[in-house]
Structure formats: structure tokens, C-alpha cells
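Geometric and topological summary
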Amino acid sequence: AASVLTLIALINPGDGTDDDVITSVNWSPDGRYLAVGGRIDGSTSNRDLFVYAFDPSTSSVLSQIASVSPGGIGNDAIASVNWSPDGRYLAVGGRI
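For the structure given in this document, a descriptive report is provided here. This one's a predicted model, so the numbers in the text were calculated from it and none came from an experiment.

The subject of this paragraph is the pattern of salt bridges. What the rule picks out here adds up to 1 salt bridge. With a closest N to O distance of 3.9 Å, R32 and D30 form a salt bridge. Classification of R32 by relative accessible area gives partly exposed; the value is 42%. In this structure D30 comes out as partly exposed when scored by relative accessible area, which is 46%.

Structure follows, in C-alpha cells:
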């Protein structure tokens, strides 16, 4: 049987531009947070890592809870984001 996918929300991290590239998206182990990383040139304050709160019971994005530029302002490019098994930490790799 074929599965049906349902669009929950469209997210544009930092109100980016057409030049932005998202390279990594990862759910926290409990399904309550979504980490999005890449090279987001159009974002305010040059942020390249965004974390969103998500309510799995209603399938809705609640809010953006964090946006950071791990290496400071510059030409950062996040290649990978990954939560620790307990969901307490987020590992970030790339050109930082």
C-alpha cells in the first residue's frame, strides 16, 4: 500500500533568500525539536543553524527557539546536525 505524505508547515529559516542551501535536517529523539542547518546567506545576523519547537500531538510548528552562527559571523556552512541519543545536545559539523 502506498503511503500518503501530509505537508505540515513550510519553514524559511531566517527569512533567507533563493541562494540559501539547507544541507541537514534532524529531529530530536523525542520528536519535539527540529534542527535545520546549512548556508543561509539571507538570514538576519548570518545565522546558519536554526532549532524549532514542534508539537507532535497537533503536528504543528510552535516556534523558532534558537538561531546561531556556530563559528561567528562569516562564511559558515553547516554540513551536518545530529542530536545526542538523550536529546540534550546537538552536534554541528561543517565549515565553521
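Within a sheet, each strand pairs with its neighbour through backbone hydrogen bonds, oriented either parallel or antiparallel. The strand order 1-2-3-4 describes an open sheet built from 4 strands, whose pairing is antiparallel. The sheet is open, and its two edges are formed by strand 1 (21–27) and strand 4 (60–68), each paired on a single side. Across this sheet, the average inter-strand angle for adjacent strands is 25°, counted without regard to direction.

Of the pairings in the sheet, the one linking strand 3 (residues 49–55) to strand 4 comprises 7 bridges and is antiparallel in character. Within strand 4, the residue paired with D55 across the bridge is S60. Between the end of strand 3 and the start of strand 4, which pair antiparallel, lie 4 residues, with S59 showing a positive phi angle near 55°.

Bringing the nonpolar core into the picture now. Among the nonpolar cores identified, the biggest contains 6 residues, and these are A35, L49, V51, I78, V81 and W83. Of all the elements in the fold, those that place two or more residues in this core are strand 3 and strand 5 (77–83). No other element matches the 3 residues that strand 5 contributes to this core.

Basis of the calculations
For every chain, the first residue of the written sequence is number 1, and numbering continues from 1 along that sequence. Since the coordinates come from a predicted model, pLDDT governs what is reported: local features require at least 70, and pairs of side-chain atoms require 80 or more to be given and counted, while whole-chain, interface and lining totals use all residues. Processing note: side-chain calculations cover all non-hydrogen atoms of the structure and skip hydrogens and water entirely. The salt bridge criterion pairs a side-chain nitrogen of Lys or Arg with a carboxyl oxygen of Asp or Glu, the two atoms within 4 Å. For every residue, the accessible area obtained with a 1.4 Å probe (protein chains only) is divided by the maximum for its type, and the residue is called buried under 20%, exposed over 50%, and partly exposed between those limits. Pairing between two strands is assigned when DSSP locates at least 2 bridges connecting them. By the criteria applied, helices consist of DSSP H or I runs no shorter than four residues and strands consist of E runs no shorter than two, each listed in order from the N terminus. Axis angles are defined between N-to-C directions and span 0 to 180 degrees, where every axis is a line fitted to C-alpha atoms and, for a helix, only to the segment in contact. For this analysis, a nonpolar core means a set of buried residues of the types Ala, Val, Leu, Ile, Met, Phe, Trp, Tyr and Cys, connected via side-chain atoms within 4.5 Å.

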